[in-house]
Amino acid sequence: MKNKLSVVIAGGGSTYTPEIILMLLDNLDRLPLRKIKLYDNDEARQNKVAKACEILIKEKDPTIEYVATTDPEEAYTDVDFCLAHIRVGQLPMRELDEKIPLKYDCVGQETCGPGGIAYGMRSIGGVIENIDYMEKYSPHCWMLNYSNPASIVAEATRRLRPNSRVINICDMPIGMEHGIADIVGVPSRKDLDIRYYGLNHFGWYTSIKDKTGKELLPALIEHMKQYGFINGEEGMATENKDSWFETNLFAKHLVAVEPTTIPNTYLKYYLYPDYVVEHTDPSYTRANEVIDGRETEVFTACAEIEKNGHSKGTSLEIGIHAEFIVDLATALAFNTQERMLIIVENKGAIKNFPDDAMVEIPCIVGKDGYEPLAMGEIPTFQKGLMEQQVAVEKLVVEAWIDQSYQKLWQALTLSQTVPSATVAKQLLDDLMEANKQYWPELH
Ligand code: NAD
């Protein structure tokens, strides 16, 4: 019989919390739980989902203890896993991360370019604060951290808490692998063995094999030259033509530049920033879509569950994106030795890349943590792009630690998405003013 585990979800008021709870409840056979806690530093926001989560848990397994709290001691005492998805500054600050750069004709995005840098400067303190609570109250606990911007946050954990039990992860490649599985016609992404390297939101698949060992990459690249990540003519005709459709279709332009690997779709922000800016509405960005869409839908569904006292007929769904969190916790708790993409210190895994860079590569995960797989040497194009981007991320973390205006200016200047030091300085002054409440004071 497996030990039952206790988890805390940090950033309990997140719109992803209910779907993560549904995912946890759907997987109790492989990850048995005795306790689920929600922790947030904004009680009013957490209360929008807390009662509904309690009802979902009681319906599935009334023996699971449940607490929603804003007290760090109560949250972090007696926990085996912390699932961390905090957003310091919440969605109104995301909106500014997206809209301020657009004023300067630069990419306005949550994790890439100037917006990602501004968000990184907010996130570091919040993530470190949560790691410190975890270490104080449950030193054996693992934090599975998917708070964004994951690359900058991962570099900050490497610099500031190098011995902590934190694993930085991202669901983006998982989402892409669902799409790849569809295109190559296998039932699940788990029927694929992949090789991938890069930084977070900045990487490439170099091999995609089915379980017979057949290499699918060349055929997939040919497919992508025509359809990007859309599933052929059928996909073109039937898929919901939202911003993800556009992004997936646009991937064909990424393959045109680098036709030997399969790119992460976020590379469009770095390789085609002019196209992205031209095709973004500066008065209604992704943050507005989320506030009017997912946030409203999730909070309304939670309010209904709370009012009815049951979840029958609810529109809330299990979050497929949360599947990898269950996989990772199961691997750590029960030593499954599963191969997973994680953001880790390079330490030679990519041979011709700095040892101290935080890279996203496949690792084998078991009860003692993760072991990275060797990725060998990478080509000049990818290496050049990655070196530039990793320097940006390191400068952001140094700027936060040293409270250095100069280093943050350098970070913005170096970003592939910013045209000059002049624009970088204007952007910095604007972002610094907007983030006064959240960034350390810069000198
Ligand atoms: P959200 O704004 O809906 O929720 C985030 C919650 O974090 C809020 O309730 C906020 O009050 C809380 N919070 C902020 N600072 C905190 C702190 N110091 N301690 C505790 N709680 C704190 O945000 P969201 O859209 O659900 O996203 C949450 C995070 O997860 C973001 O960073 C987002 O980018 C990230 N995310 C990551 C992935 C991935 O795979 N890497 C996927 C989806 C979302």
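Since this is a predicted model, take the numbers as computed values, not measurements.

S.K.: Could you give me a rundown of the site of the ligand, with the residues and numbers involved?
M.R.: Not every one of the 29 residues close to the ligand is listed here, only the nearest: S14, D40, R45, Y119 and D171. For the ligand, a nitrogen atom lies 3.3 Å from a polar atom in the side chain of N41. Contacts to the ligand include Q90, whose side-chain N or O atom sits 2.8 Å from an oxygen atom. The element best represented in the shell around the ligand is helix 5 (residues 113–137), accounting for four residues. Considered class by class, the residues forming the shell around the ligand number nine nonpolar, 12 polar and eight charged.

S.K.: If you had to explain the UniProt feature "binding site: substrate" (unreviewed entry) in the protein to someone new, which residues and values would you point to?
M.R.: If you check UniProt for "binding site: substrate" (unreviewed entry), the listed places come out as R94, N148 and R286 in our numbering. Among the structural elements, N148 can be located in the loop between strand 5 (142–145) and helix 6 (150–160). Exposure remark for N148: the relative accessible area of 17% places this residue in the buried category. Residue placement: R286 occurs in helix 13 (residues 286–308). According to the relative accessible area criterion, R286 is partly exposed, its value standing at 33%. With sequence-adjacent residues up to four places away left out, R286 is seen in contact with R94, E98, S243 and W244.

S.K.: Now, about the side chain of Q389: what can you tell me, with residues and values included?
M.R.: With respect to the helices, strands and loops of the structure, Q389 is situated in helix 15 (residues 380–402). On the accessibility criterion, Q389 (8% relative accessible area) is buried. Here the side chain of Q389 touches E393 through a polar contact of 2.9 Å, side chain to side chain. Once residues within four sequence positions are removed from consideration, Q389 is found in contact with L199, F202 and Y270.

S.K.: Describe the pattern of salt bridges, listing the residues and the values that go with them.
M.R.: Under the definition given, this model contains 31 salt bridges. Among the ionic pairs, R34 bridges to D78, the shortest N-O distance being 2.9 Å. Of this pair, R34 sits in strand 2 (residues 33–39) while D78 sits in the loop between helix 3 (72–76) and strand 4 (81–84), and the two are 44 residues apart along the sequence. Accessibility expressed as a relative area gives 30% for D78, which makes it partly exposed. Linked by salt bridges that have partners in common, R30, E177, R189, K190, E323, D327 and E338 make up one network.

S.K.: I'd like to hear about the packing of helix 1 (residues 17–26) against helix 2 (residues 43–60), residue by residue, with values.
M.R.: Helix-helix packing is characterised by the crossing angle of the two axes and by the distance between the axes. Contact geometry for helix 1 and helix 2: axes closest at 10 Å, N-to-C directions at 10°. In terms of their interaxial angle, helix 1 and helix 2 are classed as roughly parallel. Contacts between helix 1 and helix 2 involve T17, P18, I21, L22 and L25 on the former and, on the latter, V49, C53, L56, I57 and K60.

S.K.: If you had to explain the UniProt feature "domain: Glycosyl hydrolase family 4 C-terminal" (unreviewed entry) in the protein to someone new, which residues and values would you point to?
M.R.: UniProt's entry tags residues 196–418 with the feature "domain: Glycosyl hydrolase family 4 C-terminal" (unreviewed entry), counted in the numbering of this structure. Here residues 196–418 runs as 50% helix and 16% strand, with 27 Å between its end C-alpha atoms.

S.K.: Let's hear about unusual backbone geometry: which residues, and what values?
M.R.: In the segment running from N148 into P149, the intervening peptide bond is cis, with an omega of -10°. One non-glycine residue, D78, lies in positive phi territory at about 60°. Its identity as a non-glycine residue notwithstanding, Q337 has a phi of 60°, on the positive side. Structurally, Q337 can be placed in the loop between helix 14 (323–334) and strand 10 (338–345).

S.K.: I'd love a proper account of the pairing of strand 11 (residues 358–366), names of residues and values included.
M.R.: A large share of strand 11 lies buried, amounting to eight of its nine residues. In the sheet, strand 10 pairs with strand 11 via eight bridges, with the strands oriented antiparallel. If you follow V344 over to strand 11, its bridge partner there is V359. The sheet contact formed by strand 11 and strand 12 (residues 369–372) spans four bridges and is antiparallel. The residue of strand 12 that forms the bridge with I364 is E371. Remark: two residues form the turn of the hairpin made by strand 11 and strand 12, two consecutive strands paired antiparallel.

S.K.: Pulling in residues and values, what's your account of the packing of aromatic side chains?
M.R.: Here the structure, examined in full by the defined rule, presents 11 aromatic pairs. On the numbers, 6.1 Å between centres and 35° between planes, the contact of Y76 with Y133 is tilted. Residue Y76 is located in helix 3, and its partner Y133 is located in helix 5; the two are separated by 57 residues in the primary sequence. The class for Y76 is buried, based on a relative accessible area of 0%. Where Y266 meets Y269, the ring centres are 5.9 Å apart and the plane angle is 50°; that geometry is what we call tilted. Here Y266 and Y269 have matching classes, each one buried. Over the ring of W142 we find R165, and its NZ or CZ is 4.4 Å from the ring centre. Lying across the ring of F245, K241 places its NZ or CZ 4.9 Å from the centre.

About the cut-offs
Residues numbered from 1 in each chain as written. Predicted model: local features only at pLDDT ≥ 70, side-chain atom pairs only at ≥ 80, totals over all residues. Heavy atoms only, no water. Near = heavy atom within 4 Å. Polar contact = N/O pair within 3.5 Å; in protein donor to acceptor, adjacent residues only side chain to side chain. Helix = DSSP H or I, 4+ residues; strand = E, 2+ residues; numbered from the N terminus. Nonpolar A, V, L, I, M, F, W, Y, C, P; charged D, E, K, R; others polar. UniProt positions renumbered as here; feature names shortened; annotations may be inferred. Buried < 20%, exposed > 50% of the residue type's maximum accessible area, 1.4 Å probe, protein only. Contact = heavy atoms within 4.5 Å. Salt bridge = Lys/Arg side-chain N within 4 Å of Asp/Glu carboxyl O. Axes fitted to C-alpha atoms, helices over the stretch in contact; angles between N-to-C directions. Parallel < 35°, antiparallel > 145°, perpendicular 65-115°, else oblique. Pairing = 2+ DSSP bridges. Phe/Tyr/Trp six-rings, centres within 6.5 Å; stacked < 30°, edge-to-face > 60°. Lys NZ or Arg CZ within 6 Å of the ring centre and 35° of its normal.

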